[in-house]
Each structure stands twice: as C-alpha cells, then as structure tokens.
Amino acid sequence: MDIVLIAKALSNETRLHILTWLKEPEKYFPPQEMYIPEGESFDCGVCVGSITEKAGISQSTISSYLEMMRRAGLLESGRYGKWTYYRRKEDFIQQLGDYIK
C-alpha cells in the first residue's frame, strides 16, 4: 500500500467524485453492459466514456485520472474491444480505511 500515491490520487476533487460515483454506479450512470460481450461480466464497471460525460472534462484527462487511481489500487479495469470499464476495488478501499483507523 503506497500511501503517498493514494494521497495524490485522492487530492483532486474530480477524482474524489469519480470514486463516489463508482460506489453506486446504478445511481449515477446509465446501464453499462452494452459493450461487454455476452457471457462476460464486469459487475459495477462503468465505461470511460460515461465517466467522461458525467465529469464534463476531456476524455484524455479522465483517462489519466482513472489510470492514476488504478495504479494507487483504488480502481480496477476491464477492457472489452475498444471499451475500458472501471470499478472500485472495495477490498482495497476497506484495507485503506482500516489502515487510517
């Protein structure tokens, strides 16, 4: 657990919003399964395009934010064709919470 990397990832308001939105993706995003091939699953994953639209900033910026959060351990990603989906790593976030306590 790299606390400095995690702190950097959480030091941006938009990244904090993304983490909040991904906690309850059904509340903040439309259904996401349309680009995931039949027979595969990435439960609670949200497409980069949907996150970009919600945040209202460029896709390149959102992609760099998501990658930073993934490297910090807060998110995990799945790629299906040309579409990349992200979701929270709840077990890691729980460990982070325990560490902070």
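Everything quoted here is computed from the prediction, not taken from an experiment.

Colleague: Explain the overall build of the protein here, please?
Modeller: From N to C terminus, the protein includes 6 helices and 3 strands. Its helices and strands in sequence order give the protein the pattern α-α-α-β-α-α-β-β-α, from N to C terminus. Here the protein has a C-alpha radius of gyration of 13 Å; the compact-globule value for 101 residues is 13 Å, and the two agree. Structurally, the protein occupies a C-alpha span of about 40 × 30 × 25 Å along its principal axes. For the protein, with 101 residues in total, the buried portion stands at 38%.

Colleague: Can you help me understand helix 6 (residues 90–100) in this one?
Modeller: For the α-helix, the turn length of 3.6 residues means that residues three or four positions removed from each other point alike. Those residues of helix 6 lying buried are Phe 92, Ile 93 and Leu 96. Along the axis of helix 6, the buried positions cluster into a sector of 100°, meaning they face one direction only. Against the buried residues of helix 6 lie helix 1 (3–9), helix 2 (13–23) and strand 3 (83–88).

Colleague: I keep staring at the side chain of Thr 84 and nothing clicks. Help me out?
Modeller: Residue placement: Thr 84 occurs in strand 3. Judged by its relative accessible area of 15%, Thr 84 falls in the buried class.

Colleague: Looking at this structure, how should I read the pattern of salt bridges?
Modeller: Side-chain pairs of opposite charge can arise where the charged atoms are in close proximity. Taken as a whole, this structure holds 4 salt bridges when the rule is applied. Between Lys 27 and Glu 24 there is a salt bridge, with its nearest N and O atoms 3.9 Å apart.

Colleague: What should I look at first to understand the pairing of strand 2 (residues 75–80) in this one?
Modeller: Every regular strand shows the same layout, with side chains that alternate between the two sheet faces. Here strand 2 pairs with strand 3 via 6 bridges, running antiparallel. Across the sheet, the residue bridging to Ser 77 is Tyr 86, located in strand 3. Where strand 2 folds back onto strand 3 in an antiparallel hairpin, the turn is made up of 2 residues, including Gly 81, whose phi is positive at roughly 65°.

Colleague: Looking at this model, I keep getting lost on the side chain of Ser 50. Mind explaining?
Modeller: Residue placement: Ser 50 occurs in helix 4 (residues 48–55). Look at Ser 50 and you get buried, because its relative accessible area is 17%. Setting aside anything within four residues of it in sequence, one finds Ser 50 in contact with Phe 29 and Gln 32.

Colleague: What exactly am I supposed to notice about the pairing of strand 3 here?
Modeller: Bridge count between strand 1 (residues 46–47) and strand 3: 2 bridges; the pairing is antiparallel. Within strand 3, the position partnered with Cys 47 by the bridge is Tyr 85.

Calculation notes
Residues numbered from 1 in each chain as written. Predicted model: local features only at pLDDT ≥ 70, side-chain atom pairs only at ≥ 80, totals over all residues. Heavy atoms only, no water. Helix = DSSP H or I, 4+ residues; strand = E, 2+ residues; numbered from the N terminus. Rg over C-alpha atoms; globule rule 2.2 N^0.38 Å. Buried < 20%, exposed > 50% of the residue type's maximum accessible area, 1.4 Å probe, protein only. Arc of directions from axis to C-beta. Contact = heavy atoms within 4.5 Å. Salt bridge = Lys/Arg side-chain N within 4 Å of Asp/Glu carboxyl O. Pairing = 2+ DSSP bridges.

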